[in-house]
Amino acid sequence: MSTEEPDADEDGEDIQYFVRIGQTDLDGTKSVERALTDMNGVGRRVARIIADKADVDRREVLGTLDEEKIDDVVELVEGYADEVPAWLTNHQRDFFTGETTHEVGNDLGMSRRQDINRMKMVDTYRGVRHKRGQKVRGQRTKSTGRTEGTIGVNVEAIKEEQAEEAAEGE
């Protein structure tokens, strides 16, 4: 088998193996819905909405789409916040600008880090929990999430001590 990628798949269609959206390379051999979910900030619901608005069958292979359809998908991913209600976006009412946006790719991670750092600096309750490395969203902490050493009885150590004492007693 050669190391070169074939120009056409089994049906003789040209396929684009990588589709670039923003700073993310998507797998062109997957369906449109599945490929879009590989981006940060795009889940199954968002991918389905984008495919519907672009008039693309969500089960169609992304790499077999023509350039116009791929451009439509790219535009809808970048302008998703303008197409849907505010409650469907992932970054509502930005602290500084007050705008509602939908962050994807590296922008999502960057805005999330900035929000957490701002909470830490202002010493909000959530910020203090982030600083301490504790759970932030009200989860139970009495019995879960323990990071210290062994909890409970260490049976192996007890058996070793008993074996040593028995050896000394003989």
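Residues numbered from 1 in each chain as written. Predicted model: local features only at pLDDT ≥ 70, side-chain atom pairs only at ≥ 80, totals over all residues. Heavy atoms only, no water.

### So, the overall build of the chain
Here's step 1: The number of helices and strands found in the chain is seven helices and two strands.
Here's step 2: Element order for the chain, N to C, with α for helix and β for strand: β-β-α-α-α-α-α-α-α.
Here's step 3: In the chain, buried positions account for 26% of the 170 residues.
Here's step 4: Considering only contacts within the chain whose residues lie at least 6 apart along the sequence, 41% involve residues at least 24 apart. (Helix = DSSP H or I, 4+ residues; strand = E, 2+ residues; numbered from the N terminus. Buried < 20%, exposed > 50% of the residue type's maximum accessible area, 1.4 Å probe, protein only. Contact = heavy atoms within 4.5 Å.)

### Considerations on the packing of aromatic side chains
Here's step 1: Here the structure, examined in full by the defined rule, presents one aromatic pair.
Here's step 2: Between phenylalanine 95 and phenylalanine 96, the aromatic rings sit 5.0 Å apart at their centres with planes inclined by 85°, giving edge-to-face as the arrangement. Each member of the pair, phenylalanine 95 as well as phenylalanine 96, carries the same accessibility label: exposed.
Here's step 3: When the ring centre of phenylalanine 95 is taken as reference, the NZ or CZ atom of arginine 118 above it lies at 4.1 Å. (Phe/Tyr/Trp six-rings, centres within 6.5 Å; stacked < 30°, edge-to-face > 60°. Lys NZ or Arg CZ within 6 Å of the ring centre and 35° of its normal.)

### Focus on the pattern of salt bridges
Here's step 1: In total, this model carries seven salt bridges according to the counting rule given.
Here's step 2: Measuring nitrogen to oxygen at the nearest pair gives 2.9 Å for the salt bridge that ties arginine 20 to aspartate 25.
Here's step 3: Linking aspartate 115 and arginine 118 is a salt bridge whose minimum nitrogen-to-oxygen distance equals 3.2 Å. One end of the pair, aspartate 115, and the other, arginine 118, are both in helix α5 (residues 106–122), three residues apart, so they sit about a helical turn from each other.
Here's step 4: According to the relative accessible area criterion, aspartate 115 is partly exposed, its value standing at 23%.
Here's step 5: The class for arginine 118 is partly exposed, based on a relative accessible area of 24%. (Salt bridge = Lys/Arg side-chain N within 4 Å of Asp/Glu carboxyl O.)

### A word on the environment of isoleucine 116
Here's step 1: With respect to the helices and strands, isoleucine 116 occurs in helix α5.
Here's step 2: Separated by 10 residues in the primary sequence, isoleucine 116 and arginine 126 have C-alpha atoms spaced 8.4 Å apart.

### Comments concerning the confidence of the model for the chain
Low-pLDDT portions of the prediction should not be read for the details of their coordinates.
Here's step 1: The pLDDT averaged across the chain works out to 85; a share of 89% of its residues lies at or above 70.
Here's step 2: Looking over the chain, one finds the lowest element-wise mean pLDDT in strand β1 (residues 18–21), namely 85, and the highest in helix α6 (residues 125–132), namely 93. (pLDDT = per-residue confidence, 0-100.)

### Focus: the environment of aspartate 57
Here's step 1: Checked against the element boundaries, aspartate 57 lands in the loop between α2 (44–53) and α3 (67–78).
Here's step 2: You can call aspartate 57 partly exposed: its relative accessible area is 38%.
Here's step 3: Along the backbone, aspartate 57 and serine 31 are 26 residues apart, and their C-alpha atoms lie at a distance of 8.9 Å.

### Quick notes on α5
Here's step 1: Here α5 contains 17 residues, and its C-alpha end-to-end distance of 25 Å stays within 8% of the 24 Å for a straight helix at 1.5 Å per residue.
Here's step 2: Turning to α5, the residues buried within the fold contact α6.
Here's step 3: One or two steps after α5, the chain reaches aspartate 123, where phi turns positive at roughly 60°. (Expected span 1.5 Å × (residues − 1).)

### Thoughts on the pairing of β1
Here's step 1: The alternating pattern of β1 places Val19 and Ile21 on a buried face, while none of Phe18 and Arg20, on the opposite face, is buried.
Here's step 2: Pairing geometry for β1 and strand β2 (residues 24–27), over four bridges, is antiparallel. Looking across to β2, one finds that valine 19 is bridged to leucine 26.
Here's step 3: Linking β1 back to β2 in an antiparallel pair, the connection comprises two residues, with glycine 22 at a positive phi of about 65°. (Pairing = 2+ DSSP bridges.)

### Re the packing of α5 against α6
Here's step 1: The interhelical angle for the contact between α5 and α6, taken along N-to-C directions, is 100°, at an axis separation of 7 Å. Considering their axes alone, α5 and α6 lie roughly perpendicular with respect to each other. Residue-level inspection shows Ile116, Met119 and Lys120 of α5 in contact with α6, the latter providing Arg126, Gly127, His130 and Lys131. (Axes fitted to C-alpha atoms, helices over the stretch in contact; angles between N-to-C directions. Parallel < 35°, antiparallel > 145°, perpendicular 65-115°, else oblique.)

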